[in-house]
Amino acid sequence: MTAEPPVSPHLRRAQALERARQAESRQAGELVRQFAADAQAAGLPPVRFTARPYDGGSRYRTDVEGWYLKRDQSVGVGTDGLFYVMSVPRSWRARFTGAHLEPSDPPLELGKGGRDGESMPMAQALAQRLDWPR
């Protein structure tokens, strides 16, 4: 029988941080799914999302419909109850046929790590979005 090698404190910390991130993402995912149901029940019309290439520039049509959460249209919730970041790789093909968006793990703090004053709890952002003019 061989003994397991000792786990470094750095690895243990990284694993703990990842577990915490996953737990927060699960919690935020519930909020996002509930928002999609609430938006549909309230008759909030979804829009076809557009996304920007990572390096900026023009917008591409996407294959996802939903509701933007920020007025700059950088993130949104799809009618499928998933969270999307509106950034995609630059592509000539996407200019003509549209871009495919993959869902992302939602954060509990929208805009965390951004400029001062641009972050907000996900629950607050979702509640405010339900009050936007139609």
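Higher on the page you've got the structure.
In this text, all values refer to a predicted model and were calculated from it rather than measured experimentally. (Residues numbered from 1 in each chain as written. Predicted model: local features only at pLDDT ≥ 70, side-chain atom pairs only at ≥ 80, totals over all residues. Heavy atoms only, no water.)

### Concerning the sheet that holds strand E4 (residues 83-85)
Pairing within the open sheet is mixed, and its five strands lie in the order E4-E3-E2-E1-E5. Looking along the sheet, the strands with just one partner apiece sit at the ends: E4 and strand E5 (87-88). Pairing between strand E1 (residues 47-53) and strand E2 (residues 60-68): four bridges, direction antiparallel. Residue Thr50 lies in a different strand from E2, and its bridge partner there is Arg61. (Pairing = 2+ DSSP bridges. Helix = DSSP H or I, 4+ residues; strand = E, 2+ residues; numbered from the N terminus.)

### Thoughts on the pairing of strand E3 (residues 75-78)
What you see with E3 is no split at all: Val75 and Val77 on one side and Gly76 and Gly78 on the other are buried throughout. When E2 meets E3, the two strands line up antiparallel, connected through three bridges. Residue pairing in the sheet places Tyr68 in a bridge with Gly76 of E3. Linking two consecutive strands that pair antiparallel, namely E2 and E3, is a turn of six residues; a positive phi of about 60° is found at Gln73 within it. As paired elements, E3 and E4 share three bridges and run antiparallel to each other. (Buried < 20%, exposed > 50% of the residue type's maximum accessible area, 1.4 Å probe, protein only.)

This is a description of form; function is not addressed.
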